[in-house]
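Residue-level structure breakdown
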Amino acid sequence: MSNDTPAKTAVTAVAALPLTPGEWELDPHHSSVDFTIRHLGISKVRGRFTEFTAGLYVGETLDDVRVTAEIALASVDTGNADRDAHTRSAELLDVEKRPTMTFRSTRISGDGEDWTMTGDLTIADITHPVTLAVEFGGVVDSPLDQREHAGFEASGEIRRGDFGLDFFPGLLGEVIKIRLDMQFAGPQTQDA
């Protein structure tokens, strides 16, 4: 009986995430990285990052699934060129010293459409754990490239002070809400 237990556990874990094992490729044209931060505590400024990469590796079990992402902080876009230039400056993000923000998952759990992903977020030389709520949008075969495509929406929040981004307290909120909409294309088959 003890010999059957590991096999049943592995099958259950794979069945919980119905994705073909292997490397999944980001579809950047159908993905986005957005954020929201409070201004003066009374309104929200919304923005996005236009340059990013992400990877999804699906293993044989849920414990083997890995997600990585890298965001170019200089690609910040809030819809206001002057504000974006100021945000990139040494007074705020200082993208010369902090060119990227990276994420590496450490644990994924859940079932069906609702998942939780925990990982390490690094900005410059500061790393903190973050937890994202993940909604699994499903898997379909795309008629455009004859590959499986999977969609995910991840959301959560980070505290600026945790990453040494404590400029202009009171003017800008401490909490930054983030949302990632990601679409990945499945592993290419041998005959593709």
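Residues numbered from 1 in each chain as written. Predicted model: local features only at pLDDT ≥ 70, side-chain atom pairs only at ≥ 80, totals over all residues. Heavy atoms only, no water.

1. Side note on the side chain of Thr36
Which entries qualify depends on this criterion: Counting from the N terminus, the helices are the DSSP runs of H or I reaching at least four residues and the strands are the DSSP runs of E reaching at least two. Each residue gets one of three labels from its accessible area relative to the maximum for its type: buried under 20%, exposed over 50%, partly exposed in between, using a 1.4 Å probe on protein chains only. Here a polar contact means two N or O atoms within 3.5 Å. Within protein one must be a hydrogen donor candidate and the other an acceptor candidate, and residues neighboring in sequence count only if both atoms are side-chain atoms. Contacts are residue-level and defined by heavy atoms, with any inter-residue pair within 4.5 Å sufficient.
Considering the arrangement of structural elements, one finds Thr36 in strand 2 (residues 32–39). Residue class for Thr36 comes out buried when judged on its relative accessible area of 16%. A polar side-chain atom of Thr36 sits 3.4 Å from a polar atom in the side chain of Arg46. Beyond its immediate stretch of four places on either side in the chain, Thr36 contacts Lys44, Val45, Arg46, Val175, Ile176 and Lys177.

2. Let's talk about a negative patch on the surface
Going by this rule: The patches described consist of residues with a relative accessible area above 30% and no salt bridge, like charges being joined within 9 Å and nonpolar side chains (Val, Leu, Ile, Met, Phe, Trp, Tyr) within 5 Å. The method behind every accessible area is Shrake-Rupley, applied with a 1.4 Å probe, and residues are considered shielded solely by the protein chains displayed. For salt bridges, the criterion is a side-chain nitrogen of Lys or Arg within 4 Å of an Asp or Glu carboxyl oxygen. None of His or the chain ends enter the tally, which takes Lys and Arg as positive and Asp and Glu as negative. Lysine's charge is taken at NZ, arginine's at CZ, aspartate's at CG and glutamate's at CD.
Taken together, the side chains of Glu113, Asp114, Glu135 and Glu153 present a region of like negative charge at the surface. Summarising the element assignment, Glu153 is placed in strand 10 (residues 148–159).

3. Section: the pairing of strand 2
Selection criterion: Only strands that DSSP links by at least two bridges are regarded as paired with each other.
Bridge analysis of strand 2 against strand 11 (residues 172–185) gives seven bridges, and the strand direction is antiparallel. The residue of strand 11 that forms the bridge with Asp34 is Arg179. Note that strand 2 and strand 3 (residues 43–49) share seven bridges and pair antiparallel. When the bridges of strand 3 are listed, Thr36 appears paired with Arg46. Connecting strand 2 to the antiparallel partner strand 3 that follows it, the hairpin turn spans three residues, and Leu40 within it adopts a positive phi of roughly 60 degrees.

4. A look at the packing of aromatic side chains
Test applied: Ring pairs shown here join Phe, Tyr and Trp side chains whose ring centres sit within 6.5 Å, with only the six-membered ring taken for Trp; geometry is labelled stacked below 30 degrees between planes, edge-to-face above 60, and tilted in between. Only when the NZ of Lys or the CZ of Arg is both within 6 Å of the ring centre and within 35 degrees of the ring normal is a charge said to sit over the ring.
One pass over the structure, following the stated rule, counts three aromatic pairs. With 6.3 Å between their ring centres and 70 degrees between their planes, Phe152 and Phe184 make a pair best called edge-to-face. Of the two residues, Phe152 is situated in strand 10 and Phe184 in strand 11; the sequence distance between them amounts to 32 residues. The pair formed by Phe152 and Phe184 is uniform in burial state, with each residue classed as buried. Cluster of aromatic residues (ring-pair linked, three or more members): Phe136, Phe152 and Phe184. Lying across the ring of Phe167, Arg160 places its NZ or CZ 5.0 Å from the centre.

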